[in-house]
Amino acid sequence: MKIIDTHQHLWDVDRFSYSWCQGIPALNRSFFMSEYLQATQGIDLEQSVHVEADVDEPFLLDETLEVLQLASERDNPLQGVVAGGRPEQPGFENYLKRIAGHPNLRGIRRVLHTQPDELGRSASFLQGVRLLEHYGLSFDLCVLSRQLPIAIQIVRSCPGVQFILDHCGVPPVREQQLDPWREHIHRISSLPNVACKISGLVAYADPERWTPEDLRPFVEHAIACFGWDRIMFGSDWPVCSLSAPLKRWVDTLTVLTQDADPVDRIKLFSENARRVYRLE
């Protein structure tokens, strides 16, 4: 089955700074395209979308321009770029003007789970996110499960923007705590301008003892709420490697959806990504 990976990362710690990695030794090094290609061996990878890696703010534009340059090279699967951004800042639109129009730019992400809750509620943040509609760009929502009510308000406040919820809203997989995550996912899925990435779940499971059945209730609930037309596969590589090689995550999701209609599985693994991220 052909796969479009909607959530891969690359970073170069010798050129840019990623402070969040410093407390995670396994990730506190560079990850390049060559290693990603090795990690995807054994799966039929068709295309991928690079999602910004929460680079330290002084390097935001430089990281974006480097990844956009990489995406313009046709000897790798990278076809879409979700760039980092700071919608709450006065210079956000000028930043958008610097990068908008690149043929591989698809969206913006501002990681919210590392920030005070007030940021996602602020008028300046919402005003900045609304600008994306005019540039034809989507917004990736990266929030903790307890922040899903904030995400719901963001989506409601920006009805003209396409949102993508990363990592199923980061449920507490290790703790097997389904509520109130289930209700929040049900509520956010009722908003038509949101799609959901089935991604990141292995990183929140017990890294030593997780099984496919640990992930099943979260995967199945997200699919039941969003439906087969608004879900997309994402690897979250290399973060997923903290708990599993990329191929094991693909194999796990394949097993968890083995009883689905083949047409629906194609939607999950490639077709929806092509539409939502506007890939060729």
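Structure first, text after, so check above.
Conventions and cut-offs
- Each chain has its residues counted from 1, running along the sequence as written.
- Side-chain atom pairs in this predicted model are given and counted only at pLDDT of 80 or more, local residue features only at pLDDT of at least 70, and totals for whole chains, interfaces and linings cover all residues.
- Only hydrogens and water are set aside; all other atoms, that is, all heavy atoms of the structure, feed into the side-chain values.
- Among buried residues, those of type Ala, Val, Leu, Ile, Met, Phe, Trp, Tyr and Cys that are joined through side-chain atoms within 4.5 Å constitute a nonpolar core.
- Here the term buried applies to any residue with accessible area under 20% of the maximum for its type, exposed to any over 50%, and partly exposed to those in between, with areas from a 1.4 Å probe on protein chains only.
- Every helix listed is a DSSP run of H or I at least four residues long, and every strand listed is a run of E at least two residues long, numbered separately from the N terminus.
- Throughout, a contact is declared for two residues whenever any of their heavy atoms are within 4.5 Å.
- Neither His nor the chain ends is counted toward charge; the positive residues are Lys and Arg and the negative residues Asp and Glu.
- In the sections that follow, a salt bridge refers to a side-chain nitrogen of Lys or Arg positioned within 4 Å of a carboxyl oxygen of Asp or Glu.
- In summary, the pairing rule links any two rings of Phe, Tyr or Trp, Trp by its six-membered ring, whose centres are within 6.5 Å, and it sorts them by plane angle into stacked for under 30 degrees, edge-to-face for over 60 and tilted for everything else.
- In this scheme, Lys NZ or Arg CZ marks a charge over a ring once it lies within 6 Å of the ring centre and within 35 degrees of the ring normal.

1. Quick look at the nonpolar core
Next up, step 1: By size, the foremost hydrophobic cluster in this structure holds 82 residues, and its most contacted members are Phe163, Leu165, Ile198 and Leu215.
Next up, step 2: With seven residues, the top contributor of residues to this core is helix H9 (residues 212-226).
Next up, step 3: The contacts of Phe163, once residues within four sequence positions are left out, are Val129, Phe139, Leu141, Ile154, Val155, Cys158, Asn193, Val194 and Ala195.
Next up, step 4: Grouped together as the second largest cluster of nonpolar side chains are eleven residues, Val49, Val51, Val82 and Ala195 included.

2. Digging into the side chain of Asp56
Next up, step 1: Relative to the helices and strands, Asp56 resides in the loop between strand S2 (44-51) and helix H2 (60-72).
Next up, step 2: This buried residue, Asp56, is left without a salt bridge; Arg86 holds the nearest opposite charge, at 7.1 Å.
Next up, step 3: When near neighbours in sequence (up to four residues on either side) are disregarded, Asp56 contacts Ser17, Tyr18 and Ser19.

3. Describing the packing of aromatic side chains
Next up, step 1: Per the stated rule, a full pass over the model turns up twelve aromatic pairs.
Next up, step 2: Summarising the aromatic geometry, the rings of Phe16 and Phe59 are spaced 6.0 Å apart at their centres and angled 55° between planes, so their arrangement reads as tilted. Of the two residues, Phe16 sits in the loop between strand S1 (2-8) and helix H1 (33-39) while Phe59 sits in the loop between S2 and H2, which places them 43 residues apart along the sequence.
Next up, step 3: Its relative accessible area of 6% is what places Phe16 among the buried residues.
Next up, step 4: Residue classification places Phe59 among the partly exposed positions, given a relative accessible area of 26%.
Next up, step 5: Through a chain of ring-to-ring contacts, the aromatic side chains of Trp11, Tyr18, Trp20, Phe31, Tyr36 and Trp237 assemble into a single cluster.
Next up, step 6: Lying across the ring of Trp210, Arg248 places its NZ or CZ 3.9 Å from the centre.

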